[in-house]
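# Descriptive analysis of the structure
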Amino acid sequence: MDASERIFKYHGLGNDFVVLDRRRTGLDIDAEQSRWLCDRRRGIGADGVLAILPSSRGLARMVVHNADGSIAEMCGNGLRCAVKYLVDHSGKHPALIDVETGAGVLTCEPGYGDGGVVGVDISMGPARLVAANLPSGTTGQPFVSAPVPGHEGLLGTAVNMGNPHLVLLDQPLEAAERLGPGLERHPAFPDRTNVEFVRVDEDGLTVVVWERGCGLTQACGTGACASAVAAVLAKRLPSNAWLRVTLPGGDLRIRVPDDLSDIRLRGPVAFVFEGVVVLPRAR
């Protein structure tokens, strides 16, 4: 008989995740199990699954499984959900938590209110303009405000926030659903890419993200960071300031230092429900 397992549902600005605490067994889930859990008609329904695993470098290790079964190196909204889960089930109120991710060990500062953790401030680490999963052309130079090959009239900036992003400033937000699928699989990005469609406002950004492995989502933390980095590089917004980034699900605050050494993300997080499921057998 298949074993049952307790699951926990969280969201950050509508970007929703199923959390599985696998610290006792240390076993991750497979792609089929991730797809089933994320299926909004035949499973639980989510943009992704967060497997919480043991870590020797932090309180826990977070593995992000996308809705299509692929694995993301990092997820800002997902990390806030993981932090809330870890604190809510620890019986403590730590000032800082280190969580191991595919982008390294990241330091998170929980914000407390009624009901426990209501928001998280994350040290997201550096924004990289040159990386193995970003296009660099024949010169090895950063892909910044450069023409996107095969898409006349599109200028993009490639940013690595632990995962790859293609940021398109001054693009119609409604173009995300039409252009996102093709750009996600642009041959210049060997691991596929997230794609940000960005409107620059006087006091911040409005962003729609086509997420790699998920499609359109209500919010994307790393996408908000990448968008802010691109706007600062283009001198459209100031560095070293908390910038508003509005996504369909709500607002995040992003701070970009001059040297891009440690991007900061601040945003809300909420618990939705918990339950028990019987997962398909891992293959």
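It should be emphasised that the depicted structure is a prediction, and the values quoted were computed from it without experimental measurement. (Residues numbered from 1 in each chain as written. Predicted model: local features only at pLDDT ≥ 70, side-chain atom pairs only at ≥ 80, totals over all residues. Heavy atoms only, no water.)

## Here we look at the overall build of the protein chain
In terms of regular secondary structure, the protein chain is built from 4 helices and 18 strands. For a compact globule of 283 residues, the expected C-alpha radius of gyration is about 19 Å, and the protein chain comes in at 18 Å, within 12% of that figure. Overall, the C-alpha framework of the protein chain stretches about 55 × 40 × 35 Å when taken along its three principal axes. For the protein chain, the proportion of its 283 residues judged to be buried stands at 55%. For the protein chain, long-range pairs separated by at least 24 residues make up 61% of all intrachain contacts whose partners lie at least 6 apart in sequence. For the protein chain, the computed accessible surface area is about 12100 Å², with 50% contributed by carbon and sulfur atoms. Computed over 29 positive and 33 negative side-chain charges, the inter-centroid distance for the protein chain is 3 Å. (Helix = DSSP H or I, 4+ residues; strand = E, 2+ residues; numbered from the N terminus. Rg over C-alpha atoms; globule rule 2.2 N^0.38 Å. Buried < 20%, exposed > 50% of the residue type's maximum accessible area, 1.4 Å probe, protein only. Contact = heavy atoms within 4.5 Å. Areas by Shrake-Rupley, 256 points an atom, 1.4 Å probe, with all protein chains shown as cover. Lys, Arg positive; Asp, Glu negative; His and termini not counted. Charge placed at Lys NZ, Arg CZ, Asp CG, Glu CD.)

## Examining the state of the cysteines
In this structure the tally under the stated criterion is 0 disulfides. A disulfide-free cysteine, Cys214 has its sulfur positioned 7.2 Å from the sulfur of Cys38, the nearest such atom. Residue Cys214 is classed as partly exposed on the basis of its relative accessible area, which comes to 24%. Left without a disulfide partner, Cys225 is nearest to the cysteine sulfur of Cys220, which lies 8.6 Å away. (Disulfide = S-S within 2.5 Å.)

## Overview of the environment of Pro257
Within the secondary structure layout, Pro257 lies in the loop between strand 16 (250-255) and strand 17 (264-268). For Pro257, a relative accessible area of 9% translates into the label buried. Taking the C-alpha atoms as reference points, Pro257 and Arg24, separated by 233 residues in sequence, lie 39 Å from one another. The contacts of Pro257, once residues within four sequence positions are left out, are Ser239, Asn240, Asp262 and Ile263.

## Here's the deal with the UniProt feature "binding site: substrate" (unreviewed entry) in the protein chain
Per the UniProt annotation, the sites labelled "binding site: substrate" (unreviewed entry) are Asn15, Asn66, Gly76, Asn77, Asn163, Asn194, Glu211, Arg212, Gly221 and Thr222. Position of Gly76 among the secondary structure elements: in helix 2 (residues 76-88). A residue is classified by how much of its surface remains accessible, and Gly76, at 0% relative accessible area, is buried. Glu211 gets classed as buried once you look at its relative accessible area, which sits at 8%. Setting aside residues up to four positions removed in sequence, Glu211 forms contacts with Asn15, Glu184, Asn194, Thr217, Ala219 and Cys220. (UniProt positions renumbered as here; feature names shortened; annotations may be inferred.)

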